[in-house]
Amino acid sequence: MATIPPRRCARFSSMPTLADAAGGGPWPYIITRAIPGLSLGESRVSAADMAELARWAGAVTRRIHDLPLDAAGPLARDWRPFAEFLARQRAGLTARHAAWGALPPPLLAQIEAFVPSVEQLIDRATAPVLVHCDLNRDHILGAADAGRWLPAGIIDFGDARVGDPLFEAGALILG
């Protein structure tokens, strides 16, 4: 994503916006603290640094998952909103995969049979946690220092929700 000159978003009249190189967006954003460096996706990182980064990201992600949640509000410790989200995702599954064009028609026709039901995906015996939901190479920032790439922080909690910590794996695998 590239920064564009600050514009006003109709929904957030005093908030600057971003657009991608193709002019997509605008997406409102709030800067709470500047993190110096580049995204992991923009950086050359050695195998050794990637292993260290995985340990760091695992520890940070665990801290995110351990954050206390309110009893009420948009980030309440409640499975219902996550189950509703998964149901919407599952309902559009075949159409999304058809639009992406990544699966041949015989596999596309069988995709829903391979995806567990929402109730099978949720372990209600455990408590839901805060999940980033878009943890990928574009949202991990860091910089090279003395020949090593050192992580500095995670950005973009715009898709965060309360749910299953395993949901983080999707963005990591796809990204």
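Above this text is the structure in question.
Residues numbered from 1 in each chain as written. Predicted model: local features only at pLDDT ≥ 70, side-chain atom pairs only at ≥ 80, totals over all residues. Heavy atoms only, no water.

Caption draft 1: Structural view of the layout of surface pockets. Roughly 980 Å³ of volume is contained in the second largest pocket. Leu 86, Gln 89, Phe 167, Gly 170 and Leu 174 are, among the 26 residues lining the second largest pocket, the residues nearest its centre. Of all the elements in the fold, those that place two or more residues in the lining of the second largest pocket are α2 (79-91), α3 (93-100) and α7 (168-174). By residue class, the composition of the lining of the second largest pocket is 15 nonpolar, five polar and six charged. (1 Å grid on protein atoms, 1.4 Å probe; cavity = no way out; pocket = protein on both sides within 12 Å on 5 of 7 lines; lining within 4 Å. Points joined across faces, edges and corners; volume = space filled by probe spheres on them. Helix = DSSP H or I, 4+ residues; strand = E, 2+ residues; numbered from the N terminus. Nonpolar A, V, L, I, M, F, W, Y, C, P; charged D, E, K, R; others polar.)

Caption draft 2: Quick peek at the packing of aromatic side chains. Within the structure shown, the criterion is met by four aromatic pairs. Taken together, a centroid distance of 5.6 Å and an interplanar angle of 90° make the contact between Phe 82 and Phe 167 edge-to-face. Note that Phe 82 is positioned in helix α2 and Phe 167 in the loop between β8 (161-163) and α7, a separation of 85 residues in sequence. By the ring-pair criterion, three or more aromatic residues cluster together here, those being Trp 79, Phe 82, Phe 85 and Phe 167. Above the ring of Phe 85, the side-chain terminus of Arg 161 is found at 3.7 Å from the ring centroid. (Phe/Tyr/Trp six-rings, centres within 6.5 Å; stacked < 30°, edge-to-face > 60°. Lys NZ or Arg CZ within 6 Å of the ring centre and 35° of its normal.)

Caption draft 3: Structural detail: the nonpolar core. Counting residues in hydrophobic clusters, the biggest one holds eleven residues: Leu 40, Leu 53, Val 60, Ile 64, Leu 69, Leu 130, Leu 135, Ile 140, Trp 149, Ile 154 and Val 162. Breaking this core down by element, the ones donating at least two residues are α1 (47-65) and β7 (148-154). Among the nonpolar cores identified, the runner-up in size contains seven residues, and Phe 82, Ala 83, Leu 86 and Ile 122 belong to it. (Core = buried A, V, L, I, M, F, W, Y, C linked by side-chain atoms within 4.5 Å. Buried < 20%, exposed > 50% of the residue type's maximum accessible area, 1.4 Å probe, protein only.)

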